Amino acid sequence: MRRKAAYLKDVLLWAVLGLPALWAGLTRILADRYTWPEVIAGLAAIGVAVAFARPRPLGAMLVTAALWAGSVAVRGDPTVFFPALAVMSYQAGVRMSRARPALLGLSGAAVVAAAVVPLVRWLLSAQWDLGAWFFAVTGIALFGLVPWLAGHARHQSLALTRAGWERAGRLEREHRMLAEQARLRERAAIAREMHDLLGHDLSLVALRIGALEVDAGLPESRRRAAGEAREAVTAAAERLRDIVAVLRDGDGPGLGPERENTAREDAAREDAAHEDTAHEDTAHEDTADPSEESVGELVRRAAAAGMPVTLHGAQEDARIPAPALATVRRVVREGLTNAAKHAPGAPVTVRLAHAPGETVVGVANAASRLQGRGVTGGHGLRALAERVRRQGGSLESGPADGGFALTVRLPHTVPPNGPPNGPPNGPPNGHPGIPTSVSPGIPSPVPLRVPPSVPPRTASRPVEPERKPDLELDLELELELEPALALARRRVRRTRLAAALVCVAAAAGVAAFVLGFTVYEAATSVLPPAEFAKLRAGQAEAEVAAVLPARTRIDDPSWPEPPIPPGARCRYYSTNPEPFGDLTLYRLCFAGGRLIAKTFLPS
């Protein structure tokens, strides 16, 4: 459809540009009537130019320049084909991105026209025609160079507009990406809080109900009810696991490969966003919140739920610096949660050790005689390993003495150069069902602190202020694009100024040439009255030519004159050298090689 529209436009353009040639073949208004072979040749040349205008704009411009110069050389007429030259030159300027080929092409066309047009005129009329040479040179500038410069200014203006739209599109894409990153950060924060708070509480609830289920002092109906309650809590934990998986990984089960690819891309963008802000996030995460449960309180609450847990080094809790204390609490909470899920009823030991420059925390459980019926997901150990890595620490986890041990070493201060590079420390051998490596697609957790006194279902999270790096990114984009836009604007202004200057210079050159040529023509076409009086009808043309000036004044007067004798050809000479006064002429008519009539023509 678009190609058909382009064809229709080209046909319409050919018809419009061919109208002057068709008109010249029917009337004498524009110039001496053209012969039909000349009209057909002109229409064919215009058709070739229009066909080349889209794929070869420079070739189309040169074809019309040759057509226009040919009409000046053969017919001495600059009026019929100059619209085609102007239009093709303008279109070439719009469609060409480089200026040098067009300028070289027009310069070459002007040089060739300046050499060929006067030669052709001399061969046809046996005299040099400076007027044809003038039209050949100035016509290329006026009808070729000026329209091309105007079209090139239009080309640069369109390029500037496209650059502006591309800039807007780029900024919009950047804003969408930043919004997506913010969404991923919020999603990761929600997932972490649900895992850390609800997962821990549900594990303790299941532990309490499991103790009732195996209590021999309760009736069978009560133990069966306790089992049903434990299964309900386990099902709730399963649903929580699915929700955490959706929030962390960006996908849930059964959503298809397309959604999975989108999730991977989201996670990759989230990782890239957190790479630049890891130190800042770590500083916020590792500030101990006084409202959080201490290590002793975590252990006491787990013991109250029925877990056989022992704490060694409780006094060390008060000596741990604030940056490491928050992570220590998370390690203890994660270890107790995993023990309740995977080794119910097994003794658990929590150890705190304070050494110069670092704190060592360990959570170990013995082998369980009961089958672990908790929910497995591995998100807690992955997030914990990433958190420890950011603080410059190390995490070790795996089977130990038939059970499972989790040991973390934390420096009291983060290294000046930030956490070490490389993959985060993942648990080498975890509980059954827990992945033993940290997936690169898992986004880094972002802190979201909820006081323990507030129920998780109703807790409100503070709204994070607008991130400064996003604003700085917008500013950087502005600074990157501004020089390019300024350069494009300068180019457009320079092209427009060049077009105006060329037009003014061409007009000034035309005026100066016309003025000078008029003076020159008036001075070199004067037949003195005394010489005119000596001429007699019947004199040989060669004898008369000896006293005639080098040039004729005009070719044909614009006012009525006496009839020209049949078969004669007449020449018109000025009676005085005044270029701007009343024009009076002497007419000399020749036939058969002799002067047959002489006439004075007043203005």
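Everything in this summary refers to the structure shown in the same document.

Conventions we followed
- Residues numbered from 1 in each chain as written.
- Predicted model: local features only at pLDDT ≥ 70, side-chain atom pairs only at ≥ 80, totals over all residues.
- Heavy atoms only, no water.
- Helix = DSSP H or I, 4+ residues; strand = E, 2+ residues; numbered from the N terminus.
- Buried < 20%, exposed > 50% of the residue type's maximum accessible area, 1.4 Å probe, protein only.
- Contact = heavy atoms within 4.5 Å.
- Areas by Shrake-Rupley, 256 points an atom, 1.4 Å probe, with all protein chains shown as cover.
- Pairing = 2+ DSSP bridges.
- Axes fitted to C-alpha atoms, helices over the stretch in contact; angles between N-to-C directions.
- Disulfide = S-S within 2.5 Å.
- Patch = residues over 30% accessible without salt bridge, like charges linked within 9 Å, V, L, I, M, F, W, Y side chains within 5 Å.
- Salt bridge = Lys/Arg side-chain N within 4 Å of Asp/Glu carboxyl O.
- Parallel < 35°, antiparallel > 145°, perpendicular 65-115°, else oblique.
- Left-handed = near helix turned anticlockwise from the far one by under 90°.
- Nonpolar A, V, L, I, M, F, W, Y, C, P; charged D, E, K, R; others polar.
- Core = buried A, V, L, I, M, F, W, Y, C linked by side-chain atoms within 4.5 Å.
- Expected span 1.5 Å × (residues − 1).
- Phe/Tyr/Trp six-rings, centres within 6.5 Å; stacked < 30°, edge-to-face > 60°.
- Polar contact = N/O pair within 3.5 Å; in protein donor to acceptor, adjacent residues only side chain to side chain.

1. Observations concerning the overall build of the chain
Working step 1: A count of helices and strands for the chain gives 15 helices and eight strands.
Working step 2: A buried classification covers 42% of the 603 residues belonging to the chain.
Working step 3: Within the chain, contacts between residues at least 6 apart in sequence are counted, and of these 72% link residues at least 24 apart.
Working step 4: When the accessible surface of the chain is totalled, it reaches about 31600 Å², and 61% of it is carbon and sulfur.

2. Examining the sheet that holds strand β7 (residues 585-591)
Working step 1: Strand order across the open sheet formed by three strands is β6-β7-β8, with antiparallel pairing between neighbours. Each edge of the open sheet carries a strand with a single partner, namely β6 (569-574) and β8 (594-601). For this sheet, the mean inter-axis angle between neighbouring strands, taken without regard to orientation, is 20°.
Working step 2: Looking at chain direction, β6 and β7 are connected through six bridges and run antiparallel. Bridge pairing in β7 places Ser574 opposite Leu585.

3. Examining the state of the cysteines
Working step 1: Counted by the stated rule, this structure contains one disulfide.
Working step 2: Residue Cys570 pairs covalently with Cys589 via a disulfide, S to S 2.1 Å. Disulfide Cys570-Cys589: torsion about the S-S bond near 95°, hence right-handed. Residue Cys570 is found in strand β6, and its partner Cys589 is found in strand β7; the two are separated by 19 residues along the sequence. Considered together, Cys570 and Cys589 belong to a single accessibility category, that of buried residues.

4. Concerning a nonpolar patch on the surface
Working step 1: Where nonpolar side chains cluster on the molecular surface, the patch consists of Leu19, Leu22, Leu26, Trp36 and Ile40 and spans about 500 Å² of accessible area.
Working step 2: For the nonpolar patch, the secondary structure elements donating two or more residues are α1 (2-26) and α2 (36-52).
Working step 3: No other element matches the three residues that α1 contributes to the nonpolar patch.
Working step 4: Relative to the assigned elements, Leu19 resides in helix α1.
Working step 5: The exposed category is assigned to Leu19, whose relative accessible area is 52%.

5. Focus: the packing of helix α10 (residues 295-304) against helix α11 (residues 322-342)
Working step 1: Where α10 meets α11, the closest approach of the two axes is 9 Å, and the angle between their N-to-C directions is 15°. Classified by the angle between their axes, α10 and α11 sit roughly parallel to one another. In this structure, α10 crosses over α11, and the sense of that crossing is right-handed. For the pair formed by α10 and α11, the contact residues are Val295, Leu298, Val299 and Ala302 on the first element and Val328, Arg329, Val332, Arg333 and Leu336 on the second.

6. Overview of the packing of α1 against helix α4 (residues 82-95)
Working step 1: Contact geometry of α1 with α4 gives a least axis separation of 9 Å together with a crossing angle of 145°. Contacts between α1 and α4 involve Leu13, Leu17 and Pro20 from the former and Pro83, Ala84, Val87, Met88 and Gln91 from the latter.
Working step 2: Looking at the contact of α1 with α4, its residues break down into seven nonpolar, one polar and no charged.

7. Observations concerning the nonpolar core
Working step 1: The biggest cluster of nonpolar side chains holds 40 residues, and the ones touching the most others in it are Leu17, Ile46, Trp68, Phe81, Met88, Val117 and Trp148.
Working step 2: Elements represented by at least two residues in this core include exactly α1, α2, α3 (57-75), α4, α5 (100-125), α6 (130-213) and α13 (468-524).
Working step 3: With residues up to four places along the chain from it excluded, the contact list for Phe81 reads Ala21, Tyr34, Gly42, Ile46, Leu67, Trp68 and Ser71.
Working step 4: Residues Leu384, Val388, Leu395 and Leu406 belong to the second largest nonpolar core, which totals 31 residues.

8. As for α4
Working step 1: Compared with the 20 Å implied by 1.5 Å per residue over 14 residues, the 20 Å span of α4 between its first and last C-alpha is a close match.
Working step 2: Taken together, the buried positions of α4 are Ala84, Leu85, Met88, Ser89, Gln91, Ala92 and Gly93.

9. A short note on the packing of aromatic side chains
Working step 1: For the structure on display, the rule yields five aromatic pairs.
Working step 2: Judged by centre distance (6.2 Å) and plane angle (65°), the rings of Tyr34 and Phe81 are edge-to-face. In this pair, Tyr34 is assigned in the loop between α1 and α2 and Phe81 in the loop between α3 and α4, connecting sequence segments 47 residues apart. Neither residue differs from the other here; Tyr34 and Phe81 are each classed as buried.
Working step 3: When the centroid spacing of 5.9 Å and the interplanar angle of 75° are considered together, the rings of Trp68 and Phe143 count as edge-to-face.

10. Re the side chain of Thr575
Working step 1: Tracing the sequence through the fold places Thr575 in the loop between β6 and β7.
Working step 2: Side chain to side chain, Thr575 and Asn576 meet in a polar contact 3.2 Å long.
Working step 3: Ignoring sequence-local partners within four residues, the contact set of Thr575 consists of Val526, Leu527, Pro529, Thr584, Leu585, Tyr586 and Phe600.

11. Some words on α3
Working step 1: The terminal C-alpha atoms of α3, which comprises 19 residues, lie 27 Å apart, in line with the 27 Å expected from a rise of 1.5 Å per residue.
Working step 2: Within α3 the residues assigned to the buried category are Pro57, Ala60, Met61, Thr64, Ala65, Leu67, Trp68, Ala69, Ser71, Val72 and Ala73.
Working step 3: Positive phi shows up at Gly76, right after α3, with a value of about 65°.

12. Details of the environment of His354
Working step 1: In this structure, His354 sits in strand β2 (residues 348-355).
Working step 2: We classify His354 as partly exposed; its relative accessible area is 25%.
Working step 3: Placed 38 residues apart in sequence, His354 and Glu316 show a C-alpha to C-alpha distance of 6.3 Å.
Working step 4: Ignoring any residue separated from it by four or fewer positions in sequence, one finds His354 in contact with Glu316, Arg319, Pro321, Thr359 and His412.

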